[in-house]
Amino acid sequence: MGTLKLENIRKSFGSVDVLKGIDLDVKDGELVVFVGPSGCGKSTLLRVIAGLEDATSGEVLIDDEAAGHIPPAKRGIAMVFQTYALYPHLTVRDNMGLGLKQAGTPAAEIVSRVAKASAMLSLDDYLARRPAELSGGQRQRVAIGRALVREPKLFLFDEPLSNLDAALRVNTRLEIAKLHRDLNATMIYVTHDQVEAMTLADKIVVLNNGRIEQIGAPMELYNSPANLFVAGFIGSPKMNFVDAERLGHDGVKTIGVRPEHITVDPKSGTWSGTVMHAEHLGADTNLYLDSKEAGLVTIRLFGEYKVEPGAVLYATPDPAKTYHFDAAGKVMA
Ligand SMILES: Nc1ncnc2c1ncn2[C@@H]1O[C@H](COP(=O)(O)OP(=O)(O)OP(=O)(O)O)[C@@H](O)[C@H]1O
């Protein structure tokens, strides 16, 4: 079992309020991703859950038990950091088993748990090596292995992929997804990367400035963002926002439309403009159109779209996929 409940968690450092009342329920076996811009309080929230930081007020419940008085080592939590924090003088095998050894686990049990974790993470060939003899991705797998052998109720990941290059990041992301499926373990994962959040999460918690903006499954957040912040944060390239007054919409403050929900035509359409720039990504083309009606608009087209800067094009947003926001930034029905 590994459930987590947060009740009105607040955390201040001196006069700075970093967490401003966080409520959350994590079910057994769920992979929940905390995502948000730098400084929004993701790591602080993770550290409060781990017990590395005391909440100023509020309650952390692990398996329905208040954890406030339980020291970090006794919470049944294992944490994986972006800096792998491996001991350089120990082998992979000893790095993985050290926590168990310190906890007084019998040697035979350590051997069997390290063997199991090593097999899951394809580390068998590296067990006798020291961290300096491993690649970044392998080191991160050892750090994950060290968490696995403890068989925790809850895994906490703090930006575990941010030190890896792009290709390794994708591989390691797949490994974490597979691990989650195989173990059916409860995992909390912090990242500022919305692609990681979308691809890994059962449930995404979008944080901004110490508060939760929205909680939902990845596609729920993509299809039904609650407000401007979530609409702008989830999805890449970012949703276009146009001042509604400019488009003559009464009672609406902002109109939002995603780049992938706009079509273009050389002859006719809703908005007309000149192409500022075209980015050819291979599978897609991103067009930046400076339009008379809506200002600068990003358009994402499937495949290669041949066009020169300065060309005149017409853009038409899909009305069924257009969002209306009120003056407070909330989405309107
Ligand atoms: N020990 C501390 N003392 C004072 N302020 C702190 C402390 N730890 C964090 N903060 C502040 O709290 C805010 C949230 O920090 P936190 O590390 O949780 O953000 P984050 O969302 O994880 O950001 P990042 O993505 O950049 O890691 C920041 O403004 C930070 O400066």
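Residues numbered from 1 in each chain as written. Predicted model: local features only at pLDDT ≥ 70, side-chain atom pairs only at ≥ 80, totals over all residues. Heavy atoms only, no water.

Draft legend 1. View of the pattern of salt bridges. Evaluation of the coordinates by the stated rule reveals 9 salt bridges. Two residues, Lys203 and Glu30, come together in a salt bridge whose shortest N-O distance is 3.3 Å. Taken together, the residues Lys203 in strand β9 (residues 203–208) and Glu30 in the loop between β2 (16–26) and β3 (31–35) connect sequence positions 173 residues apart. With a relative accessible area of 15%, Lys203 lands in the buried category. (Salt bridge = Lys/Arg side-chain N within 4 Å of Asp/Glu carboxyl O. Helix = DSSP H or I, 4+ residues; strand = E, 2+ residues; numbered from the N terminus. Buried < 20%, exposed > 50% of the residue type's maximum accessible area, 1.4 Å probe, protein only.)

Draft legend 2. Broad picture of the site of the ligand. Residues in close proximity to the ligand include Phe13, Val18, Pro37, Ser38, Gly39, Cys40, Gly41, Lys42, Ser43, Thr44 and Glu159, which together make up its full environment. Measuring from an oxygen atom of the ligand, one finds a side-chain N or O atom of Ser38 at 2.6 Å. Gly41 has a polar backbone atom sitting 3.0 Å from an oxygen atom of the ligand. (Near = heavy atom within 4 Å. Polar contact = N/O pair within 3.5 Å; in protein donor to acceptor, adjacent residues only side chain to side chain.)

Draft legend 3. Just the pairing of strand β11 (residues 240–243), in detail. Going residue by residue along β11, you find Asn240 and Val242 tucked away on one face and Phe241 and Asp243 left uncovered on the opposite face. Across 4 bridges, the pairing between β11 and strand β12 (residues 254–257) is antiparallel. Paired with Asp243 across the bridge in β12 is Thr254. (Pairing = 2+ DSSP bridges.)

Draft legend 4. Looking closely at unusual backbone geometry. Residue Pro237 follows Ser236 across a cis peptide bond; omega there is -5°. In this fold, Pro237 is placed in the loop between α8 (228–233) and β11. One non-glycine residue, Asp63, lies in positive phi territory at about 50°. For Asp63, the position within the fold is in the loop between β4 (57–62) and β5 (65–66). With a phi close to 45°, Glu151 is a non-glycine residue in the positive phi region. For Glu151, a relative accessible area of 46% gives the class partly exposed.

Draft legend 5. The arrangement of the packing of helix α4 (residues 136–148) against helix α5 (residues 166–183) in detail. Remark: α4 packs on α5, axes separated minimally by 11 Å, with the N-to-C direction vectors making an angle of 20°. Between α4 and α5, the interaxial angle falls into the category roughly parallel. For the element pair α4 and α5, the recorded crossing hand is right-handed. Contact residues: Gly137, Arg141, Ile144 and Leu148 in α4; Leu168, Glu175, Ile176, Leu179 and Leu183 in α5. (Axes fitted to C-alpha atoms, helices over the stretch in contact; angles between N-to-C directions. Parallel < 35°, antiparallel > 145°, perpendicular 65-115°, else oblique. Left-handed = near helix turned anticlockwise from the far one by under 90°. Contact = heavy atoms within 4.5 Å.)

Draft legend 6. Looking closely at the nonpolar core. Val33, Phe157 and Tyr189 are the most contacted members of the largest nonpolar core, which totals 43 residues. When residues in this core are grouped by element, the largest group, 5 residues, is from α4. By size, the runner-up hydrophobic cluster in this structure holds 28 residues, among which are Ala67, Ile70, Met79 and Val190. (Core = buried A, V, L, I, M, F, W, Y, C linked by side-chain atoms within 4.5 Å.)

Draft legend 7. Structural detail: the sheet that holds strand β14 (residues 271–280). Taken together, the 5 strands give an open sheet; going across it, the order is β13-β17-β14-β15-β16, and neighbouring strands pair in antiparallel fashion. Among the strands making up the open sheet, the edge pair consists of β13 (262–265) and β16 (295–302). Put simply, the sheet's adjacent strands are angled 45° from each other on average, direction ignored. The sheet contact formed by β14 and strand β17 (residues 312–317) spans 4 bridges and is antiparallel. When the bridges of β17 are listed, Thr274 appears paired with Val312.

Draft legend 8. Just the packing of helix α2 (residues 92–102) against helix α3 (residues 107–120), in detail. In contact at an axis separation of 10 Å, α2 and α3 are set at 135° when each is read in the N-to-C sense. With respect to each other, α2 and α3 are oriented oblique. Along this stretch, α2 crosses α3, giving a crossing that reads as right-handed. Together, Arg93, Met96, Gly97, Leu100 and Lys101 of α2 and Ile110, Arg113, Val114, Ala117 and Ser118 of α3 make up the contact between the two elements. Its residues placed into classes, the contact of α2 with α3 shows 5 nonpolar, 2 polar and 3 charged. (Nonpolar A, V, L, I, M, F, W, Y, C, P; charged D, E, K, R; others polar.)

Any link to function would need more than the numbers given here.
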